Amino acid sequence: AREQGLTLPALRHIGQAGEALRLSSTVRDFFSASSDRHLYNHYGPAETHVVTAHTLPGDVTRWGATAPIGRPIWNTQVYVLDAGLAPVPPGVTGELYIGGAALARGYWDRPGLTAERFVANPFGAAGERMYRTGDLVRWNGAGELEYLGRADSQVKVRGFRIELGEVEAALAAQETVAQATVVVREDRPGDQRVVAYVVPAADQVVERREVRGRVAEALPEYMVPSAIVVMDALPLTPSGKVDRRALPAPAIDTASSGRGPRTPQEEILCGVFAEVLGVAQVGVHDSFFDLGGHSLLATRLISRVRSVLGVELSVRAVFEAPTVAALAQRLPSAGKARKALRAVGERPGVVPLSFAQRRLWFLHRLEGPSATYNMPMAIRLTGELDHDALRAALNDVTERHESLRTVFPEVDGMPQQKVLSVSAAGLGPSLVPTTEDELATKLAAAAAEGFDLANDLPLHVTLFVLSPTEHVLLLVLNHIAGDGWSLGPLSRDLGEAYAARVAGGVPGWTELLVQYVDYTLWQQELLGREDDPQSVISEQVDYWKTALEDVPEQLQLPVDRVRPAVTTYRGDLVDIRMSAELHGRVVALARECGVSVFMVLQAALVLLLRRLGAGSDIALGSPVAGRMDEALDDLVGFFVNTLVLRTDVSGDPSFGELLGRVRESDLAAYAHQDVPFEHLVEVLNPARSLSHHPLFQVMLALQNTPQGAFVLPGLESRVEPVGTGTSRFDLFFNLRERVSGSGVALGLEG
C-alpha cells in the first residue's frame, strides 16, 4: 500500500503472524493515518496454531519499541523455562514451551525429531507432552510475553552475547529502512562478522555509514554490524520466510576497519599476532584480546616478538597497548631481547636440577614416595589395538623427550639429572586384565602408585585389558618431568608414533631444538647470581620481597575440622560447571574493563573468600606456563612456575575497582615471573609448618594450555575419569574455558 500510495481507509483490522513483528517507521506511518485501525500481533508455530495474541493501542504514540506477543489464548498453556526445565521469573529470558489442546502429536515419519521437540510435560497430567519451540521470550511487568528471537539466533561473537533480533529492531527503526535481517557470517575461517541486510523504504536511499552510525548510538559497539548490504528485496523461502542461506556474502570494506601496516615493524607484528591467535589476518587496529587473546597467549606473543624482532616486551605492554599500531610504538623503547635458548654443545658431567625440580625432589626425600605429584591420564580405546606398535611408540616418545627417561640420583648428597639411554629406559606398558566392575578401583590404585625418583622412570604406563577390542591406557606422569602443557605434546607424539608403527614405519618428526637439560642450564645462566645486584634474579627477588612483605601466614577459612599437624594431602574432586551465558558475560566484562578472563575469576574468588571471613589481605597461588622461549613449546618437561597473587580488598571497593587492583598486581607479578616459587620460599623464609602450604593455601588456575588430541588410527578413544585422591592445597580451583573454533564462549568447567 505504501509503495502504491494507497491509504486503504476501510481497512480496520490487520493480524500479523509468521515472522516477528517489527514496528518500523513504515508500519507506524501506515497506522498513524487512521485512529480506527488496529494491529494484532499473533504468535503460533505450525506445530500448534495461534497460541498468544496482543492488540496494539490505536494511538501509535503509545506503541513501544517492540510489540509483545501477548498472553496465551483459551485452552493453551505456555511455559518459560530455563535449561533445567524450571520456570524463570518475570524479566528473565527463557525458552518457550507450549502445551494444550491444539498441540500436534509430532512429525510424520520423523521419530527422532518428534522426540527432540515434543517432550514430556512435567506440569501436566501423566502422558501429556509440550512442544519445545526454540524461541526465546520473557514475561514483562504486564504479564505478557515478549518475543526476543530464536535460541539459535542468540549468538556469541568474540565472547559477546548478541541477540540478532535486537540488531534487526534497531535497523528497522531507521526511517530509510523498510526491512532488515541480521546474520553472523564466517566467510573466512576464524573471522566472524555481524552482517545486516536491509531493504530501503519507498523513495528512500540507505546510506550505509549513516545507518551504521545511528545503530551504534542505540547498541553496544560489539552488536553494530560490520557490514550493511542494501538489497532490492530479501530472498524468501516458499513459505514466505527470509531465506538466510541465500543471502550474499558482503564485500567487506577493509579500509573501514583501519589502515594497513605502514612500516616493516607493523607488518611483522601483524603476522605475529595472526600466528599466535590462529587467525587469517590481523589489522593494525584490531585488539589482541578482542580476537581471543589471554595472558598465556600474551606470553607466547612476547616470546615470538623476541625471536623475530630481537626486543624484550612485557605482558603489561600487551595489556596497555593491545593493537599492532600501539605495540609498534613501544618497540623503540623496548629492551634488548634476553639470550635465546639453544642446545648446549657439551654438557657438564653432573647436571643439576632445575629450580622447580628441586622442591619436588626435597619433598620426595622428606615424605617418601606418594601420589601427591602424580598426573594421571586415562584413555579408553575401542577397537583392535596393536600392542607391539604401542610398545614401539612409547619407546619412540621416550627417545624424543629426554625428560621421560631421566632419573634423579644423589651424588655426594646433591641430586642430579641422569638421562638414561632408550635401551636402558625400556619403557613399556604393564598389562593388567580386568573387568568393567573392577576397572575404577584398579585405575585409582595405579594412578596413586608412588615413584622412586632415584630409580624409576617418571612415566608409568599401564594397559588395562577388558577384552580383545576394549582397553584403557593409563599414563601417569610425575610432575618432576612434566606439567599440564606437557600432556599436549605427549599425547600428540604418542599418537603420531603409533600411527607410523602400525603402518610399518617410524615417526617422521622434526628434531626438537632443545631438551630439558638445555633448559636447566639456560635458566641458571639467564637468572644469574643473586649476589649480583644487576642480575635478573636479584632484581626480581627485590620486587617479591616488597610485594609479599607481611603477607598473612595462613588464610583463615571456615572449616569443619581441625587442621592436622602434618599435611596428609588427602583430597577429592568436585565438578564445577558454568553456563555458556555466564561465560560470555565474564568475557564481555573482561573486555569492557581491559582485563583477562582469569582476572575476573580471580576477583570473584577473592571477594567470595573475603565474605567467608578470610580478611582483606588475600594471597592466592596461580600457575604460569613458564615457557618463556618458543623453543620449549613442543617439549615435555616441568616448566610451570607458581606466582603468589596478593589482593587488597580493604575499603569495600566496587567490583570494577577490585578488578583494577587485581589487574595492577597481576601484571606486576607477570613481569617478575622468572623467580621460581621454590627459591622465593627460601628467600622470604616464611614461618615453616608441616600443616599447610607456604605463602598461600588456595590455588586458582585457568587452563589455557594447548590440549593434545589423543588419536590412534583404527581406534575410538575417549577420556576415562581417574583421580589420585590427593590435593596439594586446601582448595584448588582448576578451570578450563570451552571455546568454539570461531572463538565463541561455550562455558567454564573444572
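In case you missed it, the structure is sitting above this.
Keep in mind that what you see is a predicted model, and the values were worked out from it rather than measured. (Residues numbered from 1 in each chain as written. Predicted model: local features only at pLDDT ≥ 70, side-chain atom pairs only at ≥ 80, totals over all residues. Heavy atoms only, no water.)

## Structural notes on the overall build of the chain
Logical step 1: Secondary structure summary: the chain contains 19 helices and 31 strands in total.
Logical step 2: With respect to the principal axes defined by its C-alpha atoms, the chain has extents near 105 × 65 × 60 Å.
Logical step 3: Counting over 750 residues, the chain shows a buried share of 48%.
Logical step 4: When contacts within the chain are restricted to residue pairs at least 6 apart in sequence, those whose partners lie at least 24 apart make up 69%.
Logical step 5: Side-chain charges of the chain comprise 69 positive and 91 negative groups, with the mean position of each set lying 3 Å from the other. (Helix = DSSP H or I, 4+ residues; strand = E, 2+ residues; numbered from the N terminus. Buried < 20%, exposed > 50% of the residue type's maximum accessible area, 1.4 Å probe, protein only. Contact = heavy atoms within 4.5 Å. Lys, Arg positive; Asp, Glu negative; His and termini not counted. Charge placed at Lys NZ, Arg CZ, Asp CG, Glu CD.)

## Some remarks on the packing of aromatic side chains
Logical step 1: According to the stated counting rule, one finds 15 aromatic pairs in the structure shown.
Logical step 2: For the ring pair Tyr43 and Tyr147, a centre distance of 6.5 Å and an interplane angle of 35° mean the geometry is tilted. With Tyr43 in strand S2 (residues 38–43) and Tyr147 in strand S9 (residues 145–150), this pair connects stretches of sequence that are 104 residues apart.
Logical step 3: Residue class for Tyr43 comes out buried when judged on its relative accessible area of 9%.
Logical step 4: The interplanar angle of 45° and the centroid separation of 5.4 Å between the aromatic rings of Tyr516 and Tyr519 together place this pair among those described as tilted. Here Tyr519 and Tyr516 lie together in helix H14 (residues 516–527), a separation of three residues that amounts to about one turn. (Phe/Tyr/Trp six-rings, centres within 6.5 Å; stacked < 30°, edge-to-face > 60°.)

## Describing the packing of helix H15 (residues 536–547) against helix H19 (residues 677–684)
Logical step 1: Two numbers describe how H15 lies on H19: the axes approach to 11 Å, and their chain directions differ by 65°. For H15 against H19, the interelement crossing comes out right-handed. Judged by residue contacts, Ile537, Val541, Trp544 and Lys545 of H15 engage His679, Leu680, Val683 and Leu684 from H19. (Axes fitted to C-alpha atoms, helices over the stretch in contact; angles between N-to-C directions. Left-handed = near helix turned anticlockwise from the far one by under 90°.)

## Quick word on the pattern of salt bridges
Logical step 1: Under the defined criterion, the tally for this structure stands at 29 salt bridges.
Logical step 2: A salt bridge links Arg316 to Glu320; the shortest N-O distance between them is 3.3 Å. A residue pair is termed a helical-turn pair when its members lie 3 or 4 positions apart in one helix, as Arg316 and Glu320 do in helix H7 (residues 315–320) at four residues.
Logical step 3: Assessed through its relative accessible area of 21%, Arg316 is described here as partly exposed.
Logical step 4: With a relative accessible area of 37%, Glu320 lands in the partly exposed category.
Logical step 5: With a shortest N-O distance of 3.0 Å, Arg380 and Glu720 are connected by a salt bridge. Here Arg380 is found in strand S17 (residues 374–382), whereas its partner Glu720 is found in strand S29 (residues 716–720), with 340 residues between them in sequence. Here the two residues Arg380 and Glu720 agree in accessibility, since each one is buried.
Logical step 6: Where salt bridges share partners, they join Arg316, Glu320, Arg330, Arg663 and Glu664 into one cluster. (Salt bridge = Lys/Arg side-chain N within 4 Å of Asp/Glu carboxyl O.)

## Quick notes on the pairing of strand S8 (residues 129–139)
Logical step 1: The pairing of strand S6 (residues 94–100) with S8 spans four bridges and is classified as antiparallel. Within S8, the position partnered with Tyr97 by the bridge is Arg132.
Logical step 2: Sheet topology places strand S7 (residues 118–120) next to S8; three bridges connect them, and they run antiparallel. Looking at the pairing, Ala120 lines up with Arg129 of S8.
Logical step 3: Relative to S9, S8 is paired through five bridges, and the arrangement is antiparallel. In the strand pairing of S9, Asp135 is matched with Arg150.
Logical step 4: Taking the residues between adjacent antiparallel strands as the criterion, S8 and S9 are bridged by five residues, where Gly143 takes a positive phi near 80°. (Pairing = 2+ DSSP bridges.)

## Notes on the side chain of Asp518
Logical step 1: Inspection of the secondary structure assignment puts Asp518 in helix H14.
Logical step 2: In this structure the side chain of Asp518 is engaged in a polar contact, spanning 2.9 Å, whose partner is the backbone nitrogen of Val344.
Logical step 3: Only 2.8 Å separates the side chain of Asp518 from the backbone nitrogen of Gln515, close enough to count as a polar contact. (Polar contact = N/O pair within 3.5 Å; in protein donor to acceptor, adjacent residues only side chain to side chain.)

## Some remarks on unusual backbone geometry
Logical step 1: A positive phi is found at Asp550, a non-glycine position, where the angle reads about 60°.
Logical step 2: You can see Asp550 is positioned in the loop between H15 and strand S25 (577–578).
Logical step 3: Here Leu695, not a glycine, exhibits a phi torsion of approximately 75°, which is positive.
Logical step 4: By secondary structure assignment, the location of Leu695 is in the loop between H19 and strand S28 (698–703).

## As for the packing of helix H17 (residues 597–614) against helix H18 (residues 655–670)
Logical step 1: Contact pair H17 / H18: the axes reach a minimum separation of 9 Å and the direction vectors enclose 115°. Crossing angle aside, the handedness with which H17 passes H18 is right-handed. Residues Phe598, Met599, Val600, Gln602, Ala603, Ala604 and Leu607 of H17 form the contact with H18, whose participating residues are Phe655, Leu658, Leu659, Val662, Arg663, Asp666, Leu667 and Tyr670.
Logical step 2: In the contact of H17 with H18, the residues fall into twelve nonpolar, one polar and two charged. (Nonpolar A, V, L, I, M, F, W, Y, C, P; charged D, E, K, R; others polar.)

## A word on helix H13 (residues 487–502)
Logical step 1: In this model, H13 (16 residues) spans 22 Å end to end at C-alpha, consistent with the 22 Å of a helix rising 1.5 Å per residue.
Logical step 2: For H13, the full list of buried residues reads Gly488, Pro489, Leu490, Ser491, Asp493, Leu494, Gly495, Ala497, Tyr498 and Ala500.
Logical step 3: Buried residues along H13 sit against S17, helix H10 (387–400) and strand S24 (470–478).
Logical step 4: Directly after H13, the chain includes Gly504, whose backbone phi takes a positive value near 85°. (Expected span 1.5 Å × (residues − 1).)

## Side note on a nonpolar patch on the surface
Logical step 1: A grouping of Phe362, Leu366, Val566 and Leu690 is seen on the molecular surface, where their side chains present a nonpolar patch of about 400 Å² in accessible area.
Logical step 2: Counting through the fold element by element, Leu690 comes out in the loop between H19 and S28.
Logical step 3: Judged by relative accessible area, Leu690 falls into the exposed class, the value being 53%. (Patch = residues over 30% accessible without salt bridge, like charges linked within 9 Å, V, L, I, M, F, W, Y side chains within 5 Å. Areas by Shrake-Rupley, 256 points an atom, 1.4 Å probe, with all protein chains shown as cover.)

## Here we look at the sheet that holds strand S3 (residues 52–55)
Logical step 1: Here we have four strands laid out as an open sheet, ordered S1-S2-S3-S4, and mixed in their pairing. In this open sheet, the two strands that pair with only one neighbour each are strand S1 (13–16) and strand S4 (71–72).
Logical step 2: Both S1 and S2 contribute to a ladder of four bridges, which runs parallel. Residue Gly15 lies in a different strand from S2, and its bridge partner there is Tyr40.

## Notes on helix H3 (residues 164–172)
Since there are 3.6 residues in each turn of an α-helix, residues three or four apart along the chain are aligned in direction.
Logical step 1: Across the nine residues that make up H3, a large majority, seven, are buried.
Logical step 2: Within H3, burial applies to Leu164, Gly165, Val167, Glu168, Ala170, Leu171 and Ala172.

## Examining the nonpolar core
Logical step 1: By size, the foremost hydrophobic cluster in this structure holds 81 residues, and its most contacted members are Phe288, Leu301, Leu327, Leu609, Ile618, Tyr670 and Leu695.
Logical step 2: Sort the elements by how many residues they give to this core and H17 lands first, with ten residues.
Logical step 3: Ala356, Val407, Leu439 and Leu466 belong to the second largest nonpolar core, which has 63 residues in total. (Core = buried A, V, L, I, M, F, W, Y, C linked by side-chain atoms within 4.5 Å.)

## With respect to the environment of His401
Logical step 1: With respect to the secondary-structure elements, His401 resides in the loop between H10 and strand S18 (406–407).
Logical step 2: With relative accessibility at 0%, the residue His401 sits in the buried group.
Logical step 3: Residues His401 and Gly637, spaced 236 residues apart in sequence, show a C-alpha to C-alpha distance of 8.3 Å.
Logical step 4: Look past the residues within four positions of His401 in its chain and what remains in contact with it is Asp493, Leu512, Gln515, Asp634, Leu635 and Val636.

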